[in-house]
Amino acid sequence: MAKRKKNMPENTGTLNENVHIENAGTVTREIITDTLTKNFMPYAMSVILSRAIPEIDGLKPSHRKLLYTMYNMGLLKGSTIKSANIVGRTMQLNPHGDASIYETMVRLSRGNESLLYPYVESKGNFGKAYSKNMMYAASRYTEAKLAPICKELFDDIDKDTVDFVDNYDNTMKEPRLLPVTFPSILCNVTTGIAAGMASSIASFNLKEVCETVIALMKNPEHVISDTLIAPDFVGGGYVIYDKQEFEKIYATGRGSVKIRSKYTYDKSYNCIDITEIPPTTTSEAIIDKIIELVKANKIKEISDIRDETDLKGLKITIDLKRGTEPDRLMARLYKMTPLEDSFACNFNVLINGVPKVRGVAELLDEWIKFRLACVTRRINFSLTKKRKQLHLLKGLSKILLDIDKAIKIVRETESETEVVPNLMIGFGIDEIQAEYVAEIKLRHLNREYILKRIKDIEVLEDEIADLEKTLSSKTRMKKIIIAELENVMNKYDNGRRSEILYDVPEDEADTESDIPDYPVTIFITAGGYAKKIRTANLRMSGEQKLKEGDTIIETVECSNKDEILAFSNKAQVYKAKVDDFQDTKASVLGEYVASKLNMEEEEETSYIAVFSEYKGYMVFVFENGKIAKVDMAAYETKTNRKKLINAYSDKSPLAAAMYLPEDTDIVICASNGRKLLVNTASVLPKTTKSTQGVQAITLKKKSDKVESVHLYREGEFEKPYRYRPKNLPAAGALPSAADIGEQLTF
């Protein structure tokens, strides 16, 4: 019986047996960097090298495996077959599941409209890249085959142009790269997120890319921007030309491209039709954002928006209100919605197994090196094949000297295994040549057949010499690549999709709506309600409806374009426009200002100022008898801020506030019955909103306070000089009997 190892108990079959495990329960110290290196780095490297980052042939591993499977299935020619069949066959190379394989096929398809030059011809519903709601059908319902341009991906792949490696289970071979005959890396959008890095490559027009490569091969100092004007996207739209930004992308591989949607205006229906959008957004995102802006009252010219996408393609329709200028509205929508968006470029590509961020010129140089290597391997393959064929024919030519001798050797040799050695001895040829001669059919062992065959010797020698000359000349090899690029341009160029916009102003449009200008009347109540009625409709209006117990404290005639400052009881001010309030009629209560302007909890409106421009003053009178005059410019902001804190001093409760376009007389009324007539010109204006002001009326008792303030009305006092002080502060005067009577009958 074998001796049991130390600390390893025998298996007695009982579950409750105490088993001793060495070092169980002990805590060991380990450097975290070592743990990350051991556990995370293999995963990160796998994601970077085998999943997310494209290589110089413009493909990620998942793309390459799918396309190579379709190529082996003969789908470069003939009709389409079921996608499920293709997906199943691809799993021999890609073990990541049928769902991810099918999603890869969908993105590569023409029907999905993700790529400028799609690699898969599709039949059935493959969804749309510009719509998140238009999902693709299941793989059992759709069909596919390779697009004609894929011929350029696989051309001469069987001539040792690229390396082949084992698949994941070592049962078959797959190409490490595809021998692409054009720079596909720049012709289609490729994005990927790896571990710790990402890649985002914009697409360019095929003709422009090929012309740029040809120019670089002829002149390494060629300026890229002379031939490669700007990126080109499958969704079309307008690419906003920014020379500095494009040159930065061409030089460093990083930068951003602005893409703008394309639209038309239908005058008969007064609507805008958007037919091309940036590749970075979807029709649903655009519609949702516009609806959000309309609900927030930031866009007022739109009456309806809907998605009218059909078999003809993308179409978002925006119905306009009467009098709207479509171009001005679209200029604002470009600023406020994804109708204008940026494509962030990060040209991160795997080059010889190493991720590198490269500019366009460097990337094309790398592609030229890669293509030169492919052409070199192809020529070597052809050269080897022709040399072998020449060698065989030279052996055959020696047989021509004495055909009867060759027949005699074969006939008189007793053993089959001795035929080849005897031929070698008889004619002075090597084993390969002798084997070739021995395999010739008896009917071909005649002078005519052999003469026809050896005529090829001279042709082969010329071809071999030409191939050797090509191999030794980099210029000739470049000419081959240039000819292939010209062929690709002629066959597959279909013009630019994205138009280029030059000289677009930075601040092309104000994001504020075009506010209609018409006279309105605003009714402000003590309960904090505001009601806006068109002045032209007031004649037809009846009695103003108010909340029970509420009263109108101010009526303001103004324009719909005027501004509003709503001061609250918490020393804050909220900014709005008269247009923000809906036109209404006398029979409704109006809008509660605190809710309308999103005031804080328990915050109420103290005063509402309506004005057309930030000129004049805000006058604040506090219960302690002080008066503050703040220049209206203090409330003006360059940004569109809706709320300002410290709108006035909170050191003493506010007795009254009023907006004055210019200095005038006001009457301050105290709780002790005294009144003070003050001209606001006697108070110096301040630019600080929270100024405490100066003492205006003196209050002798602590219980005394300012109760109210109002504009002086001509004839209000029989003797105004009694109430008007020479200097401030002043105690004011008690009303005379005549003034009290005047006020009682007022």
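Computed from a predicted model, the values in this text were never measured in an experiment.

Asks: What is the right way to read the sheet that holds strand β26 (residues 626–631) from this model?
Replies: Remark on secondary structure: sheet strands pair via backbone hydrogen bonds, oriented parallel or antiparallel. Ordered by their spatial adjacency, four strands build an open sheet running β28-β25-β26-β31, and the pairing between neighbours is antiparallel. A strand with exactly one partner marks an edge of an open sheet, and here the two such strands are β28 (654–660) and β31 (694–695).

Asks: Sorry, what's going on with the packing of aromatic side chains here?
Replies: Between two aromatic rings, the relevant description is the distance of the centres plus the angle of the planes. Applying the stated rule across the entire model yields 20 aromatic pairs. Note on F567 and Y648: the rings are 6.5 Å apart at their centroids and 50 degrees apart in plane angle, and the pair reads as tilted. Here the residue F567 occupies a position in strand β21 (residues 563–568), and Y648 occupies one in the loop between β27 (643–644) and β28, the gap between them amounting to 81 residues. Here F567 falls in the buried class, since its relative accessible area comes to 0%. Looking at Y648, the relative accessible area reads 5%, which means it is buried. By way of ring pairs, the aromatic residues Y68, Y71, F154 and F164 are connected into one cluster. The ring of Y518 has R534 sitting right over it, with the charged end atom 3.8 Å from the ring centre. K629 extends its terminal NZ or CZ atom over the ring of Y617, reaching a point 4.4 Å from the ring centre.

Asks: Looking at this structure, how should I read the nonpolar core?
Replies: One recurring pattern in soluble globular proteins: nonpolar side chains tend to sit buried together. Among the nonpolar cores identified, the biggest contains 110 residues, and L67, Y119, F182 and L186 are the most heavily contacted of them. Among the elements that take part in this core, helix α10 (residues 360–399) stands out by supplying 16 residues, more than any other. With sequence-adjacent residues up to four places away left out, L67 is seen in contact with L59, L108, Y119, V120, L146, C150, L153 and F154. Ranked by size, the runner-up nonpolar core spans 38 residues in total, among them V630, A647, L660 and V678.

Asks: Got a minute to help me understand the sheet that holds strand β23 (residues 591–592) in this structure?
Replies: Reading across the sheet, the four strands line up as β20-β18-β19-β23 and stay open at both edges, with antiparallel pairing between neighbours. At either margin of the open sheet sits one strand with a lone partner, and together these are β20 (552–559) and β23. Relative to β20, strand β18 (residues 519–525) runs antiparallel, the two being bridged by seven bridges. Within the sheet, the bridge partner assigned to I524 lies in β20 and is E554.

Asks: Sorry if this is basic, but what is going on with unusual backbone geometry here?
Replies: Glycine aside, negative phi is the norm for most residues, and most peptide bonds take the trans geometry. That bond from L728 to P729 is cis: its omega, 5 degrees, falls within 30 degrees of zero. As for its placement among the helices and strands, P729 is situated in the loop between β32 (706–711) and α18 (737–745). Positive phi, close to 60 degrees, is recorded for D160, a residue that is not glycine. The residue D160 is located in the loop between α5 (151–154) and β4 (164–166) in this model. Given the relative accessible area of 40%, D160 is considered partly exposed.

Asks: Can you help me understand a negative patch on the surface in this one?
Replies: On the surface, E416, E431, E435 and E439 cluster together into a negatively charged patch. Locating E439 in the fold gives a position in the loop between α13 (431–438) and α14 (447–454). You can call E439 exposed: its relative accessible area is 58%.

Asks: I tried to follow the pattern of salt bridges on my own but got confused; where do I start?
Replies: Side-chain pairs of opposite charge can arise whenever the charged atoms involved come near each other. Per the stated rule, a full pass over the model turns up 41 salt bridges. Between E208 and R496 there is a salt bridge, and its shortest N-O distance comes to 3.1 Å. Of this pair, E208 sits in helix α6 (residues 206–218) while R496 is found in the loop between α16 (474–492) and β17 (499–501), placing the two residues 288 residues apart along the sequence. For R722, the salt bridge identified is with D739, shortest N-O distance 4.0 Å. With R722 in the loop between β32 and α18 and D739 in helix α18, this residue pair connects regions lying 17 residues apart in the sequence. Judged by relative accessible area, R722 falls into the partly exposed class, the value being 36%.

Asks: Even after reading the chapter, I still don't get empty space enclosed by the protein, so can you show me in this structure?
Replies: To locate leftover empty space, one rolls a probe as large as a water molecule over the atoms. In this structure the tally under the stated criterion is two cavities of 30 Å³ or more. Roughly 60 Å³ of volume is contained in the largest cavity. In terms of lining, the largest cavity is formed by I522, I524, A530, K531, K532, I564, F581, V593 and I608. Only β18 and β19 (529–534) provide two or more residues apiece to the lining of the largest cavity. Per element, the largest residue contribution to the lining of the largest cavity is three residues, and it comes from β19. Taken together, the residues that form the lining of the largest cavity break down as seven nonpolar, no polar and two charged. G58, L59, H63, R107, L108, L115, Y119, S184, N188, V189 and T190 together form the lining of the second largest cavity.

Asks: So what exactly am I meant to see when it comes to the confidence of the model for the protein chain here?
Replies: Do not read the fine detail of predicted coordinates wherever pLDDT is low. For the protein chain, the mean per-residue pLDDT works out to 90, and 95% of the residues sit at or above 70. Within the model, pLDDT remains below 50 along residues 1–15, and this stretch shows eight contacts once partners closer than five positions in the same chain are excluded. Residue range residues 742–746 is modelled with pLDDT below 50. Its contacts to residues more than four positions away, or to other chains, number six contacts.

Asks: Just checking my understanding: could you explain the pairing of strand β29 (residues 665–670) for this structure?
Replies: Most of β29 sits out of view: six of its six residues are buried. Residues of β29 alternate between two faces, with D665, V667 and C669 on one and I666, I668 and A670 on the opposite face, all of them buried. As judged from the five bridges shared by β29 and strand β30 (residues 675–679), these two strands associate in the antiparallel manner. Note that in β30 the partner of V667 across the bridge is L677. Two successive antiparallel strands, β29 and β30, enclose a turn made up of four residues, where G673 displays a positive phi of approximately 90 degrees. Pairing geometry for β29 and β32, over five bridges, is antiparallel. The residue bridging V667 from the neighbouring strand is H710, located in β32.

Parameters at a glance
- Residues numbered from 1 in each chain as written.
- Predicted model: local features only at pLDDT ≥ 70, side-chain atom pairs only at ≥ 80, totals over all residues.
- Heavy atoms only, no water.
- Pairing = 2+ DSSP bridges.
- Helix = DSSP H or I, 4+ residues; strand = E, 2+ residues; numbered from the N terminus.
- Phe/Tyr/Trp six-rings, centres within 6.5 Å; stacked < 30°, edge-to-face > 60°.
- Buried < 20%, exposed > 50% of the residue type's maximum accessible area, 1.4 Å probe, protein only.
- Lys NZ or Arg CZ within 6 Å of the ring centre and 35° of its normal.
- Core = buried A, V, L, I, M, F, W, Y, C linked by side-chain atoms within 4.5 Å.
- Contact = heavy atoms within 4.5 Å.
- Patch = residues over 30% accessible without salt bridge, like charges linked within 9 Å, V, L, I, M, F, W, Y side chains within 5 Å.
- Areas by Shrake-Rupley, 256 points an atom, 1.4 Å probe, with all protein chains shown as cover.
- Salt bridge = Lys/Arg side-chain N within 4 Å of Asp/Glu carboxyl O.
- Lys, Arg positive; Asp, Glu negative; His and termini not counted.
- Charge placed at Lys NZ, Arg CZ, Asp CG, Glu CD.
- 1 Å grid on protein atoms, 1.4 Å probe; cavity = no way out; pocket = protein on both sides within 12 Å on 5 of 7 lines; lining within 4 Å.
- Points joined across faces, edges and corners; volume = space filled by probe spheres on them.
- Nonpolar A, V, L, I, M, F, W, Y, C, P; charged D, E, K, R; others polar.
- pLDDT = per-residue confidence, 0-100.

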